[in-house]
Amino acid sequence: IKNEVAAINESEARERICRSIHLDGPMTDLVIGQEYAVQAIEELDGGIWLYLHTVIVSDYPYPYPAEMFDVRDGTLPTGWSIRMQAQKGNSGCKRVAFTAWASDDTFYERLVEGDAEAVSIYRRLKLP
């Protein structure tokens, strides 16, 4: 529903997101109105980020703030897991993804770096 940080109405969320995204104007890889398969969900910097495979030639998905989307189907795919983590004295959900990603804090970093094992796992388990 949004493809630029400036379109996020809530100022607190916009400020939080601006600490991670340093881009003026629209994100050209996001098309308003298009549906995207979520490859993973992660809590980062006090917000929820959705990992979407928006760049076809890339071997990995990119994280986007959840405030930019409406979720149409909230069901979890078969084989996904939840990674819990203690945060500021409380337990919270850190990541939801296929098990190999959810359970490995280094999976995304390895994927971005082109680690052959991580790329192979991602290609096999990513959602269409």
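Use the structure listed above.
Everything numeric here is computed off the predicted structure, so don't read it as measured data.

A.B. asks: Quick one: what's the story with the nonpolar core, residue by residue and with numbers?
C.D. replies: Membership of the largest hydrophobic core comes to 16 residues, with the highest contact counts inside it found for Phe98, Trp101, Phe107, Tyr108, Leu111 and Tyr122. For this core, the elements supplying multiple residues, two or more each, are strand 5 (90-98), helix 2 (99-102), helix 3 (107-112) and helix 4 (116-125). Top contributing element to this core by residue count: helix 4, with four residues. In this view, phenylalanine 107 contacts Phe98, Ala100, Trp101, Ala118, Ile121 and Tyr122; residues no more than four positions away in its chain are not counted. Trp49, Leu50, Leu52 and Tyr64 belong to the second-largest nonpolar core, a separate cluster that totals 13 residues.

A.B. asks: Tell me about the sheet that holds strand 1 (residues 38-44), and name the residues and values.
C.D. replies: A sheet is described by the order of its strands in space; here five strands give the open sequence 3-2-1-5-4, paired in antiparallel fashion. With one partner strand each, in any of the chains shown, strand 3 (62-65) and strand 4 (80-87) form the two edges of the open sheet. Each neighbouring strand pair of the sheet contributes to a mean axis angle of 30°, computed without reference to strand direction. Looking at chain direction, strand 4 and strand 5 are connected through eight bridges and run antiparallel. Residue pairing across strands places isoleucine 82 opposite valine 96, the latter belonging to strand 5.

A.B. asks: Give a detailed account of the side chain of threonine 54, specifying residues and quantitative values.
C.D. replies: Looking at where threonine 54 falls in the secondary structure, it is placed in the loop between strand 2 (47-52) and strand 3. Engagement of the side chain of threonine 54 in a polar contact is seen with the side chain of aspartate 29, the distance being 2.9 Å. Beyond its immediate chain neighbours, meaning those up to four positions away, threonine 54 contacts Asp29, Leu30, Tyr36, Tyr62 and Tyr64.

What counts, and where the lines are drawn
Residues numbered from 1 in each chain as written. Predicted model: local features only at pLDDT ≥ 70, side-chain atom pairs only at ≥ 80, totals over all residues. Heavy atoms only, no water. Core = buried A, V, L, I, M, F, W, Y, C linked by side-chain atoms within 4.5 Å. Buried < 20%, exposed > 50% of the residue type's maximum accessible area, 1.4 Å probe, protein only. Helix = DSSP H or I, 4+ residues; strand = E, 2+ residues; numbered from the N terminus. Contact = heavy atoms within 4.5 Å. Pairing = 2+ DSSP bridges. Axes fitted to C-alpha atoms, helices over the stretch in contact; angles between N-to-C directions. Polar contact = N/O pair within 3.5 Å; in protein donor to acceptor, adjacent residues only side chain to side chain.

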